[in-house]
Amino acid sequence: RALEDELRDLAAADADLERDAEVAERTRIERAALTLADRLRGAHAPVELATRGGWRHAGSVTEVGDGWVLLAHVPPGTRVATAEHLVPLAALVGVRGLGRPLVRAEGRLPERTLGSVLRAWCRDRSSVSVALVEGEVVAGLASAAYADHLELSTGSGATVALPYSAIAVVSR
């Protein structure tokens, strides 16, 4: 009788180990399918983004699109956002504060592209500060967003065209 009980306990322990290994493998497979954009969509606490050029911006993720993330900066002790930061995912070098990985959100991505967000800012005639991946900052009025570049009016009738690939962060 004691031998049967011991064998039954060993079989149950073996089944538990097998189940634990299967759960761990499924978790690894699910994580392998998650992109950084998926994880940013699931961020429930403020995050800090580090970009090429040495720029850092902290805030709450308000929207994630195909290739970009929009942060709202809300200073401590307040409830109102004082700035928005539009960051191309290709400019990111690190993200702090993502928390635990979540299951991939099924469904379609937002229709908005980086260009469509910038076109809305141009329509609003927003004053922006553009941090470039090489470390320079260009400030001006967002005047036009094209297929692959943003045009800023920098004053005295001068304009500058900034390729999206050169942009680390656009803040307004």
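Predicted model only: the values in this text are computed from it and were never measured.

Caption draft 1: Main features of the overall build of the protein. When helices and strands are tallied, the protein shows three helices and 10 strands. Counted from the first residue to the last, the protein has its helices and strands arranged as α-α-β-β-β-β-β-α-β-β-β-β-β. Taken across its 172 residues, the protein has 33% of its residues classed as buried. On the protein, roughly 10600 Å² of surface is accessible, and the fraction owed to carbon and sulfur atoms is 54%.

Caption draft 2: Representation of the nonpolar core. One finds Leu86, Leu118, Val130 and Leu150 to be the most contacted residues of the largest nonpolar core, which totals 20 residues. Counting residues per element, the ones that place at least two in this core are strand S3 (68-73), helix H3 (114-123), strand S6 (127-132), strand S7 (137-145), strand S8 (149-155) and strand S10 (167-171). Top contributing element to this core by residue count: H3, with five residues. When neighbours within four sequence positions are excluded, Val130 is seen to be in contact with Glu136, Val137, Val138, Leu150, Leu152, Leu162, Ile167, Val169 and Val170. Judged by nonpolar contacts, the second largest core, of 18 residues, contains Val47, Ala91, Ala131 and Val169.

Caption draft 3: Focus on the pattern of salt bridges. Scanning the model with the defined rule gives eight salt bridges in all. By sharing partners, the salt bridges in this structure join Glu84, Asp124 and Arg172 into a single network.

Caption draft 4: Quick peek at a nonpolar patch on the surface. A cluster of nonpolar residues, Leu3, Leu7 and Leu10, forms a patch on the protein surface that exposes about 330 Å² of accessible area. Looking at the element boundaries, Leu7 is found in helix H1 (residues 2-32).

Conventions we followed
Residues numbered from 1 in each chain as written. Predicted model: local features only at pLDDT ≥ 70, side-chain atom pairs only at ≥ 80, totals over all residues. Heavy atoms only, no water. Helix = DSSP H or I, 4+ residues; strand = E, 2+ residues; numbered from the N terminus. Buried < 20%, exposed > 50% of the residue type's maximum accessible area, 1.4 Å probe, protein only. Areas by Shrake-Rupley, 256 points an atom, 1.4 Å probe, with all protein chains shown as cover. Core = buried A, V, L, I, M, F, W, Y, C linked by side-chain atoms within 4.5 Å. Contact = heavy atoms within 4.5 Å. Salt bridge = Lys/Arg side-chain N within 4 Å of Asp/Glu carboxyl O. Patch = residues over 30% accessible without salt bridge, like charges linked within 9 Å, V, L, I, M, F, W, Y side chains within 5 Å.

Any link to function would need more than the numbers given here.
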